[in-house]
Amino acid sequence: MILLHKAEALKPVVDELRKQGKRIGFVPTMGALHQGHLSLLHHAIAQNDFNIVSIFVNPTQFNNPDDLKKYPRMLEIDQELLSQAGCDAVFVPDVEEIYPEGELTEKFDFKGLERQMEGRFRPGHFDGVGTVVKRLFEIVKPDNAYFGEKDFQQLRIIQQLVENQKLKVNIVPVPIKREEDGLAMSSRNLLLSPEMRKEAPVIFEILNAAKDFFIEHSAAETKKFVENLFEQSLLQLEYFEIADEETLQTVEDRNCCIHIRAFVAAFADDIRLIDNLRFQ
Ligand code: PAF
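Residues numbered from 1 in each chain as written. Predicted model: local features only at pLDDT ≥ 70, side-chain atom pairs only at ≥ 80, totals over all residues. Heavy atoms only, no water.

> Quick question: what am I supposed to make of the environment of I271 here?
Among the secondary structure elements, I271 is positioned in strand β9 (residues 271-278). The class of I271 is buried, set by a relative accessible area of 6%. As a C-alpha pair, I271 and L190 span 81 residues in sequence and 9.9 Å in three-dimensional space. Here I271 is in contact with K70, R188, L191, L192 and A266, once residues within four sequence places are set aside. (Helix = DSSP H or I, 4+ residues; strand = E, 2+ residues; numbered from the N terminus. Buried < 20%, exposed > 50% of the residue type's maximum accessible area, 1.4 Å probe, protein only. Contact = heavy atoms within 4.5 Å.)

Below, the structure is given as structure tokens:
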């Protein structure tokens, strides 16, 4: 596995692969890798000739400076994991490499996808994600790029970015990886206290209970049901929404659209966790 820090060093590698007609797979990450990331890489390895993972904690997508500071960083362990998993190249740029003109974000129109859920609670977050992913795509020039459904809204936004900008990259969604107790894998899980780590699987339990409840109830009733369950837990619910997977607009009942998914953000002390589950 090769380790590269500069776009300039990656360019000849990518150019040569393209000349040889090789397919390039790409997994963008912010490091602190877990089985969820490795699952993205495994999907990439199955479908491409050469696979690149980037590790870059993108400052422009953190609306909370404290969150950015707290974000776990463990480059050496990450490299070891990637190398063992069969990654071909890891790209670890510094902030100047991605933002040569300072930490500026482009403003995107994601057709309203950016205004729902995470967009309401993390202003500017998706412009930061769009800016960095666009820049990484320009550098890596992948055929296929892999995004986890854990950040389902991000995945939809990246699909919209590719459509808006007419980028020649295929976006591949990858299902959520869960711990044995149901907690969705996330780098942030490392930050949970032992007590909160024990409590956190309640998110997935509530999502499953809500899925059953929604069969015979409206979205508004289901929302109340969920709020109630969170009140009995140690977690603080930030939002629960039932939305159309296509537009991410909230729905009233199950007659609205083909695929419906429920989305949760909740705090375990000061650690913010998100999860989602397809209802239909
Ligand atoms: O999902 C993430 O880890 C990040 O949002 C991404 C896509 C790597 C952009 O910084």
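That was the structure; now back to the text.
> How should I be thinking about the side chain of Q61 in this particular structure?
Along the chain, Q61 falls in the loop between β3 (50-55) and α3 (65-70). Accessibility expressed as a relative area gives 9% for Q61, which makes it buried. If near-sequence neighbours (up to four positions away) are discounted, Q61 is found in contact with M30, R122, H125, G128, V129 and V132.

> Would you take a moment to explain the pairing of strand β6 (residues 170-174) for this structure?
A regular strand carries its side chains on alternate faces of the sheet. As defined by bridge partners, strand β5 (residues 144-148) adjoins β6 across 5 bridges and the pair is classed as parallel. Bridge pairing in β6 places F147 opposite P173. Considered for its hand, the β-α-β crossover made up of β5, helix α8 (residues 152-164) and β6 is right-handed. (Pairing = 2+ DSSP bridges. Right-handed = clockwise from strand over helix to strand, strands pointing away.)

> Could you clarify how one ought to interpret unusual backbone geometry in this entry?
Note on backbone geometry: most residues besides glycine have negative phi, and most peptide bonds are trans. Residue A32 is not a glycine yet carries a positive backbone phi of 50°. The topology assignment puts A32 in the loop between β2 (24-29) and α2 (35-47). With phi around 30°, M117 is a residue other than glycine that occupies positive phi space. With respect to the helices, strands and loops of the structure, M117 is situated in helix α6 (residues 117-121).

> Can you help me understand the site of the ligand in this one?
Taken together, the residues surrounding the ligand are P28, T29, M30, N58, Q61, V132, F147 and Q154. Measuring from an oxygen atom of the ligand, one finds a side-chain N or O atom of Q154 at 2.7 Å. Calculation on the ligand without its partners gives an accessible area of 290 Å², and the protein chains cover 89% of this total. Here the residues of the shell around the ligand are counted per class, giving 4 nonpolar, 4 polar and no charged. (Near = heavy atom within 4 Å. Polar contact = N/O pair within 3.5 Å; in protein donor to acceptor, adjacent residues only side chain to side chain. Areas by Shrake-Rupley, 256 points an atom, 1.4 Å probe, with all protein chains shown as cover. Nonpolar A, V, L, I, M, F, W, Y, C, P; charged D, E, K, R; others polar.)

> Looking at this structure, how should I read the sheet that holds strand β7 (residues 236-244)?
Across a sheet, paired strands are connected by hydrogen bonds in the backbone, their directions being either parallel or antiparallel. Pairing within the open sheet is antiparallel, and its 3 strands lie in the order β7-β8-β9. Every interior strand has two partners, whereas the edge strands, β7 and β9, have only one. Averaged over all pairs of adjacent strands, the angle between strand axes in this sheet comes to 15°, irrespective of strand direction. Two strands pair when backbone bridges link them, and β7 and strand β8 (residues 260-268) are joined in this way by 8 bridges, in the antiparallel orientation. By the bridge assignment for β8, Y239 is matched with A265. Sheet strands touched by helix α10 (residues 202-214): β7, β8 and β9. Its angle to β9, the strand with the most contacts, is close to 35°. (Axes fitted to C-alpha atoms, helices over the stretch in contact; angles between N-to-C directions.)

> For this particular structure, what's the right way to read the pattern of salt bridges?
When the charged atoms of two side chains lie near each other, side chains of opposite charge can form a pair. Applying the stated criterion across every chain, the model contains 21 salt bridges. A salt bridge links E97 to K6; the shortest N-O distance between them is 3.6 Å. With E97 in helix α5 (residues 95-98) and K6 in the loop between β1 (2-4) and α1 (7-19), this residue pair connects regions lying 91 residues apart in the sequence. R272 is the salt-bridge partner of E118, the closest N and O atoms lying 2.8 Å from each other. Of the two residues, E118 is situated in helix α6 and R272 in strand β9; the sequence distance between them amounts to 154 residues. (Salt bridge = Lys/Arg side-chain N within 4 Å of Asp/Glu carboxyl O.)

> Would you take a moment to explain the side chain of D127 for this structure?
Locating D127 in the fold gives a position in helix α7 (residues 125-140). Although buried, D127 forms no salt bridge, and the nearest oppositely charged side chain, K107, lies 4.2 Å from it. Contact partners of D127, with chain neighbours within four places excluded, come to T105, E106, K107, F108 and F110. (Lys, Arg positive; Asp, Glu negative; His and termini not counted.)

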